[in-house]
Amino acid sequence: MNPVTKILIIEDEMIIAANISLQLTTLGYEVTGIIPRGEEALVHIEQHQPDILLLDINLKGNMDGVELAQIMQKSFNIPIIYLTANADEVNFNRAKSTNPYAFISKPFKKLDLERAIELTINRVKSEHESATHSVEKSAPFILSDSIFVRHLEKMVRVDIKDILYIEAERNYCRIYCKLKEYLLVMTLKDLDEKLPQKHFLRVHRSFIVNLSQIDEIATSHIVIAKKAIPVSKSLKDELLNRLQTI
């Protein structure tokens, strides 16, 4: 049985938002919340990690929908469907830069919403399957003290002690080392399952860290080589427990 797709509605016109929520529930989706402001949405995303964002471009408050998307994408890889009553060229180009999966112009019909979400889910599934098919060609070889990764058509040895952290980039992973970076055609989930758990921990939807490289621990993030890396609340306790044992 497939898990229910979780959708967050970020819309400041509450009547429209309530109507969307009702339609989504009728279609069998789970609505994680209705949020009218960008700042509140960032907190909700961190706590609930929805599968899709329905995001109004013209949000009121300190940040509009595009600014929210830009901030969100620094930490999360969540598909965006934009809602807009103002499809002018400037806003469209700003929104396009965040690589949304769809645009829906207000007012819209239930069928428009339904098809946009179905197309988004199918695209995500297709991207995941494509990445999975590519994994066999680029999958790293894992040893006790190092891994071999494909780089410029060669398999290059990378010492585990030199890996700082690994960041998800859609269906890719970027390994950050002390001196170099390596891009793998592999999802973070797949790589996490292959890495030696003694050295690495997934602390966030988009990050795996080398435990021995952590310089600082704050309330909601850790610091490695001056890079602030977010830590999910649900994984904070595990991180602290692991650090006590290494």
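Cut-offs applied
- Residues numbered from 1 in each chain as written.
- Predicted model: local features only at pLDDT ≥ 70, side-chain atom pairs only at ≥ 80, totals over all residues.
- Heavy atoms only, no water.
- Helix = DSSP H or I, 4+ residues; strand = E, 2+ residues; numbered from the N terminus.
- Rg over C-alpha atoms; globule rule 2.2 N^0.38 Å.
- Contact = heavy atoms within 4.5 Å.
- Areas by Shrake-Rupley, 256 points an atom, 1.4 Å probe, with all protein chains shown as cover.
- Lys, Arg positive; Asp, Glu negative; His and termini not counted.
- Charge placed at Lys NZ, Arg CZ, Asp CG, Glu CD.
- Phe/Tyr/Trp six-rings, centres within 6.5 Å; stacked < 30°, edge-to-face > 60°.
- Buried < 20%, exposed > 50% of the residue type's maximum accessible area, 1.4 Å probe, protein only.
- Lys NZ or Arg CZ within 6 Å of the ring centre and 35° of its normal.
- 1 Å grid on protein atoms, 1.4 Å probe; cavity = no way out; pocket = protein on both sides within 12 Å on 5 of 7 lines; lining within 4 Å.
- Points joined across faces, edges and corners; volume = space filled by probe spheres on them.
- Nonpolar A, V, L, I, M, F, W, Y, C, P; charged D, E, K, R; others polar.
- Pairing = 2+ DSSP bridges.
- Core = buried A, V, L, I, M, F, W, Y, C linked by side-chain atoms within 4.5 Å.

A. Up close: the overall build of the protein. Of the regular secondary structure elements, the protein holds 7 helices and 16 strands. Taken over C-alpha atoms, the radius of gyration comes to 20 Å for the protein, in line with the 18 Å a tight globule of 246 residues would show. C-alpha extents for the protein along the principal axes are approximately 55 × 40 × 40 Å. In the protein, the share of contacts with a sequence separation of at least 24, taken over all contacts with a separation of at least 6, comes to 54%. By element, 52% of the accessible surface of the protein is carried by carbon and sulfur atoms, the whole surface being about 13300 Å². Within the protein, one finds 31 positive and 33 negative side-chain charges whose respective centroids are separated by 4 Å.

B. Seen up close, the packing of aromatic side chains. Taken as a whole and assessed by the stated rule, the structure comprises 4 aromatic pairs. Ring geometry for Phe92 and Phe103: centres 5.0 Å apart, planes at 40°, overall tilted. Placement of the pair is Phe92 in helix H4 (residues 89-96) and Phe103 in strand S5 (residues 102-105), with a sequence separation of 11 residues. Here Phe92 falls in the partly exposed class, since its relative accessible area comes to 31%. In this structure, Arg123 packs its charged tip against the face of Tyr101, placed 3.8 Å from the ring centre.

C. Structural context of the side chain of Ser21. Inspection of the secondary structure puts Ser21 in helix H1 (residues 14-26). Owing to a relative accessible area of 15%, Ser21 belongs among the buried residues under this scheme. Residue contacts for Ser21: discarding those within four places in its chain leaves Ile9, Val31 and Ile34.

D. Focus on the layout of surface pockets. Each pocket or cavity is described by its volume, and for the second largest pocket that value is around 190 Å³. Taken together, 13 residues form the lining of the second largest pocket, with Gln73, Phe76, Asn77, Glu169 and Arg170 sitting closest to its centre. Class assignment for the residues of the lining of the second largest pocket results in 3 nonpolar, 6 polar and 4 charged.

E. Here's a closer look at the environment of Asn91. Within the secondary structure, Asn91 sits in helix H4. With 34 residues separating them along the chain, Asn91 and Ile57 place their C-alpha atoms 7.9 Å apart. In contact with Asn91, not counting residues within four places along its chain, are Ile57, Asn58 and Asn86.

F. Region of the structure containing the sheet that holds strand S14 (residues 216-217). Read from one edge of the open sheet, 3 strands run S14-S15-S16, paired in antiparallel fashion. Since the sheet does not close on itself, it has two edges, and those belong to S14 and strand S16 (227-230), each with one partner.

G. Structural context of the nonpolar core. Ranked by size, the top nonpolar core spans 19 residues in total, and within it Ile10, Leu53, Leu55 and Tyr82 carry the most contacts. At 4 residues, the largest contribution of residues to this core is made by helix H3 (residues 65-72). If we ignore the near neighbours within four places in the chain, the residues touching Tyr82 are Leu55, Ile57, Gly65, Val66, Ala69, Ala95, Thr98, Pro100, Ala102, Phe103 and Ile104. Grouped together as the second largest cluster of nonpolar side chains are 18 residues, Ile147, Ala168, Ile175 and Phe200 included.

H. Structural view of the environment of Ser126. For Ser126, the position within the fold is in helix H5 (residues 110-138). C-alpha separation for the pair Ser126 and Asp215, spaced 89 residues apart in sequence, amounts to 38 Å.

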